[in-house]
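Residue-level listing of the chains:
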Amino acid sequence: MGKRRKVLQGNIIVARAAIDAGCNFFAGYPITPSSEIAQYMSREMPKLGRDFIQMEDEIASLGACIGASLAGRKVLTATSGPGFSLMQEHLGMGVMAEIPLVIVNVMRGGPSTGLPTKPSQSDVMQTRWGTHGDHPIIVLTPAFASELYSETVRAFNLSERFWNPVILLYDEVLAKAHEDIELPYKKDLEIYKEKVHKIKDLDIYDREIGQNPHRVDFFKGYPIHIDGLEHDKHGWPTSEPGTVQKQQTLRMQKIYHYLDDIIKYNEYYMDDAEILVFAFGVSARAALPAVEMARELGIRAGLFQPLTLWPFPKQILRQRFSRIKKVLTVELNMGQVRYEMERVASDDVEKRALLRANGIPFTPGEVLDQIKEF
Amino acid sequence: MRHYERYIRYRTFPTPWCPGCGDGVVLKSIAMAFSELELDPNDIVVVAGIGCSGRMPTFFNTNTLHTTHGRALTFATGIKLARPDKMVVVISGDGDATAIGGNHLIHAARRNIGINLVLINNGVYGMTGGQVSPLTPQKFITETTPYGNIEPKFDIAELLIAAKASFVARETVNRPVQLKDVVKKSFQHKGFSVVEVISNCHINLGRRNRMKDPIAMTKWIEGRTVSKAQYEKMSPEERLHMYPTGILFEDKDRLEYSDLYYKHIIPAAQAAAEAAALKQAERTSASRKVKS
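Each chain carries its own residue numbering, running from 1 in the direction its sequence is written. Chains carry letters and ligands carry numbers; both start at the beginning, A for chains and 1 for ligands, and go up in the order they are written. Under the rules for a predicted model, residues below a pLDDT of 70 receive no local features and side-chain atom pairs below 80 are neither given nor counted, while totals for whole chains, interfaces and linings still include all residues. Each side-chain value is worked out from all heavy atoms of the structure, with water and hydrogens disregarded.

**What to know about the overall build of chain B**
In plain terms, the rule: Secondary structure elements follow DSSP: runs of H or I no shorter than four residues count as helices, runs of E no shorter than two count as strands, and numbering proceeds from the N terminus. Contacts are assigned to residue pairs that have any heavy atoms within 4.5 Å of one another. Only the protein chains shown count as cover for residues, with accessible areas throughout obtained via the Shrake-Rupley method and a probe of 1.4 Å. The charged-residue count follows a simple rule in which Lys and Arg add positive charge and Asp and Glu add negative charge, with His and chain termini not counted at all. Positions of charges follow a simple convention, taking NZ of Lys, CZ of Arg, CG of Asp or CD of Glu.
Within chain B one finds 10 helices and 8 strands. Each principal axis of the C-alpha distribution contributes one length, and for chain B these read about 95 × 50 × 35 Å. Long-range pairs, those at least 24 residues apart, make up 68% of the contacts in chain B with a sequence separation of at least 6. Counting every atom, chain B has about 13300 Å² of accessible surface; 56% of that belongs to carbon and sulfur. Of note, chain B has its 38 positive side-chain charges centred 4 Å away from the centre of its 28 negative side-chain charges.

Below you can see the structure in the form of structure tokens.
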């Protein structure tokens, strides 16, 4: 298997991966620290005969993406916290109408305009619960250069497979750092290709639990209706309680039925670990050397690095906590994943968290100090 | 079955509109325009936002999309850019298009992307029960202007001409035949087109302003509209509360956005890529020569 070795900026790795994954429509709006993705796409997409458009705001960007997705395109948009806040309206539309979408959210310090040029991990809960209403969501959190590439490809695959928005969540440090990467050849990528759905009597949402809608794109010969209102099996608006409840369940189960296919994580030094360090994104970059240093000191620490942050890797963590009774959550915010950890780990697990929200990422030494305190 | 009924999705009836509502006239006018242009329903997508007008796509037997409040034009932009060969119609109300969607409206016009917008102006938020909109006439009583509206209304035609729309027309639901004709002409236009349709909401606007039935409201509309030719002869004072109708502005020469993108940007980018590849090849062969 051949490799292409390069030094590339994080945002550019993501943009290249998206193009390699077959993304053929990008709509975006400039925002620090994600703008390089839009800039790269504006230059490269037309070379391949693909579409790029800069819209008037982030709401419009995601709207255009949904429209293009319905017209058969593989779509991407990229933004940061403030823009992602604006996108929440259409994120909900994407879930409700079951549209494959990939959204890159490069986290910066918040709230509001906050710290545009500094990293943060404070959009954890916004990605999960930002849009109103009950909804399933998939959020991927790469931490290393190679993962920026592979998780971008996986984001497209998951969005196409589950007909749902997928968010690629990383931070300003990973976005701006130039790193050494071996780019895989396009032919070696696993790209999800959907079976063509057969439409029966236009009952596009008539399905079993765990199935996608039986729907084709626009202009394929079937005059279908797509709606942001709650809809029945034909897609027509309804508020009939039985139908509404059924549709809610179908949308949720379409994702939660296949957790094993969605949840992905890396474990380092976990086999005999006594302290579980939970860290993602830039914090995992500090936590890994910290765990290695702890090992040198004879402390049996291990790193659990989730690549899928939502749905939360609850089952696998519960298995680990049957043996490991100490957990340290490292996150660059005032405490978001730590509450999820409290829900997942039983009372006999000692839970600590290393938190900070001042725009400065953790150093391995700081994580090590916390590990040593256990 | 009449020919235009091919474009109507009777399965989804009844409509949610009040008896006497102008939306039905608009629905039929659009279907008849499709019919007269002999379009394939599969080649059309009808997109709308929220409100009484937002429910209209459900009743077209074409590809249809009911989106979020004010944002229909953004979805339509994505569809048009992805499939420039298809017809993209957007239906919007006055609150939908000019308040929450005002930004998207002016930018779609500025881009001149090939979307055909039918903007139904009934001067009020009807679906939510009759609140003031940016197109409610001054002094009118609504649910949120109980002492009279103090804000001036937009002149949609002037606004969109200033925003560089290439086809701007206005018609009323009082004249269904003329409405169908102007809608049809707008559908034949290549860039961004808008037809403002002045409609009646006797339930949520008229009732609070001494026009409680459709007849009273349509008579009021009739008294407020004149042809473009007549309007141009009027003095500024006379024009103040009048709406000119017909095709108010048309620029047939301006290129449509997706046309420009596919005919200008893509070839330019591909030429740049070829030039860069050529340069790279020259550099490689030059370095090879040096080595040998």
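**Focus on the interface of chain B and chain A**
Selection criterion: By buried area we mean the combined loss of accessible area, with a 1.4 Å probe, across both parts when two parts are placed together. Salt bridge, as used here, is a side-chain nitrogen of Lys or Arg placed within 4 Å of a carboxyl oxygen of Asp or Glu. Residue classes follow a fixed rule: Ala, Val, Leu, Ile, Met, Phe, Trp, Tyr, Cys and Pro count as nonpolar, while Asp, Glu, Lys and Arg count as charged, and any other residue, Gly among them, counts as polar. Two strands pair if DSSP finds at least two bridges between them.
Listed as interface residues are 41 residues of chain B and, on the opposing side, 41 residues of chain A. Regarding the contact of chain B and chain A, the summed buried area is about 3300 Å², with carbon and sulfur atoms giving 61% of it. Taken together, the links from chain B to chain A amount to 2 salt bridges. For the salt bridge of A:Glu56 with B:Arg111, the shortest nitrogen-to-oxygen distance reads 2.8 Å. Broken down by secondary-structure element, the contributors of at least two residues to the side of chain B that touches chain A are strand 1 (44-48), strand 2 (63-66), helix 2 (72-82), helix 4 (102-111) and helix 10 (257-291) of chain B. In terms of residue count, the dominant contributor to the side of chain B that touches chain A is helix 10 of chain B (8 residues). A per-class count over the side of chain B that touches chain A returns 15 nonpolar, 18 polar and 8 charged. Examined bridge by bridge, strand 10 (residues 225-227) of chain A and strand 2 of chain B share 3 bridges and lie parallel to one another. Paired with A:Asp227 across the bridge in strand 2 of chain B is B:His66.

**Some points on the pairing of strand 5 (residues 167-172) of chain B**
Within a regular strand, side chains alternate between the sheet's two faces. All names here are of chain B. So the rule is basically this: Throughout, exposure labels follow a simple rule: accessible area from a 1.4 Å probe, protein chains only, divided by the maximum for the residue type, with under 20% read as buried, over 50% as exposed, and the rest as partly exposed. Note on handedness: a crossover is taken as right-handed if, strands pointing away from the viewer, the path from the first strand over the helix to the second is clockwise.
Of all the 6 residues making up strand 5, 6 are buried; the element is thus mostly covered by neighbouring parts of the structure. Of the two faces of strand 5, the one carrying Phe 167, Ala 169 and Glu 171 and the one carrying Val 168, Arg 170 and Thr 172 are both buried. Sheet analysis places strand 5 next to strand 6 (residues 193-198), joined by 6 bridges and oriented parallel. Across the sheet, residue Phe 167 finds its bridge partner in strand 6, namely Ser 193. Following the backbone out of strand 5, through helix 6 (residues 176-188) and into the adjacent parallel strand 6, one traces a crossover that is right-handed. Two strands pair when backbone bridges link them, and strand 5 and strand 8 (residues 243-250) are joined in this way by 4 bridges, in the antiparallel orientation. Residue pairing for strand 8: Arg 170 is matched across the bridge by Gly 246.

**Regarding the domain arrangement of chain B**
Residues and elements named next belong to chain B. To keep it simple, the criterion reads: Here the bounds of each domain stem from an automatic or database domain assignment. The term polar contact refers here to a pair of N or O atoms within 3.5 Å; inside protein, the definition further demands a hydrogen-donor-capable atom paired with an acceptor-capable atom, and it admits residues adjacent in sequence only when both atoms are side-chain atoms.
Examined at the domain level, chain B breaks down into domain 1 (3-254) and domain 2 (256-292). Centre-to-centre separation of domain 1 and domain 2, based on C-alpha positions: 46 Å. Contact with domain 1, which involves 11 residues of that partner, is made by 5 residues of domain 2. It is Leu 81, Pro 84 and Arg 111 in domain 1 that bury the most area against domain 2; as a group they hold 60% of the surface buried on that side. The interface formed by domain 1 and domain 2 includes 0 salt bridges. Connecting domain 1 to domain 2 are 3 residue pairs in polar contact (both at pLDDT 80 or more). Classifying every residue of the side of domain 1 that touches domain 2 gives 4 nonpolar, 3 polar and 4 charged.

**Things to note about the nonpolar core**
Inclusion rule: Residue types Ala, Val, Leu, Ile, Met, Phe, Trp, Tyr and Cys, when buried and joined through side-chain atoms within 4.5 Å, form a set referred to as a nonpolar core.
With 127 residues, the main nonpolar core has A:Ile37, A:Met41, A:Leu76, A:Tyr170, B:Val47 and B:Phe192 as its most contacted residues. By residue number, the principal contributor to this core is helix 6 (residues 145-162) of chain A, which donates 8 residues.

**Digging into the sheet that holds strand 2 of chain B**
The following threshold applies: Axes here refer to lines fitted to C-alpha atoms; in helices the fit is confined to the stretch in contact. Angles between the N-to-C directions go from 0 to 180 degrees.
Spatially, 10(A)-2(B)-1(B)-3(B)-4(B)-6(B)-5(B)-8(B)-7(B) is the arrangement adopted by the 9 strands of the open sheet, whose pairing is mixed. Of all the strands in the sheet, the pair left with one neighbour each is strand 10 of chain A together with strand 7 (225-227) of chain B. The average angle at which neighbouring strand axes cross in this sheet is 20°, direction not considered. Set on the sheet, helix 6 of chain B makes contact with strand 3 (87-93), strand 4 (115-121), strand 5, strand 6 and strand 8 of chain B; between it and strand 5 of chain B the angle comes to about 165°.

**Focus: the packing of aromatic side chains**
Given two aromatic rings, their pairing is described by the distance between the two centres and the angle made by the two planes. Residues and elements named next belong to chain A. Under the convention used in this document: Two rings from Phe, Tyr or Trp (for Trp, the six-membered ring) form a pair when their centres sit within 6.5 Å of each other. Planes less than 30 degrees apart are called stacked, planes more than 60 degrees apart edge-to-face, and all others tilted. To sit over a ring, a charge needs its Lys NZ or Arg CZ within 6 Å of the ring centre and within 35 degrees of the ring normal.
Under the criterion given, the structure shown has 15 aromatic pairs over all chains. Centroid distance Phe 26 to Phe 52: 5.7 Å. Interplanar angle 5°. Geometry classified as stacked. Of this pair, Phe 26 sits in strand 2 (residues 25-28) while Phe 52 sits in strand 3 (residues 51-54); the two residues are 26 residues apart in sequence, bridging distant segments of the chain. Aromatic side chains Phe 278 and Phe 304 sit 5.7 Å apart centroid to centroid with 10° between the ring planes, which places their arrangement in the stacked category. In this pair, Phe 278 is assigned in strand 12 (residues 275-279) and Phe 304 in strand 13 (residues 301-306), connecting sequence segments 26 residues apart. For Phe 278, a relative accessible area of 0% translates into the label buried. Following the ring pairs from residue to residue traces out a cluster consisting of Tyr 265, Phe 278, Phe 304, Trp 310 and Phe 312. Positioned above the aromatic ring of Tyr 258 is the side chain of Arg 161, whose terminal nitrogen or guanidinium carbon lies 5.2 Å from the ring centre. A cation over a ring is seen here: Arg 352 above Phe 374, with NZ or CZ 4.5 Å from the ring centre.

**As for the side chain of A:His231**
Residues and elements named next belong to chain A. Tracing the chain through its elements places His 231 in the loop between strand 10 and helix 8 (241-256). Given the relative accessible area of 0%, His 231 is considered buried. Of the polar contacts made by the side chain of His 231, one reaches the backbone oxygen of Asp 227; its length is 3.3 Å. Of the polar contacts made by the side chain of His 231, one reaches the backbone oxygen of Leu 229; its length is 2.8 Å. Once residues within four sequence positions are removed from consideration, His 231 is found in contact with Met 96, Tyr 205, Trp 236, Pro 237, Thr 238, Thr 243, Gln 247 and Arg 251.

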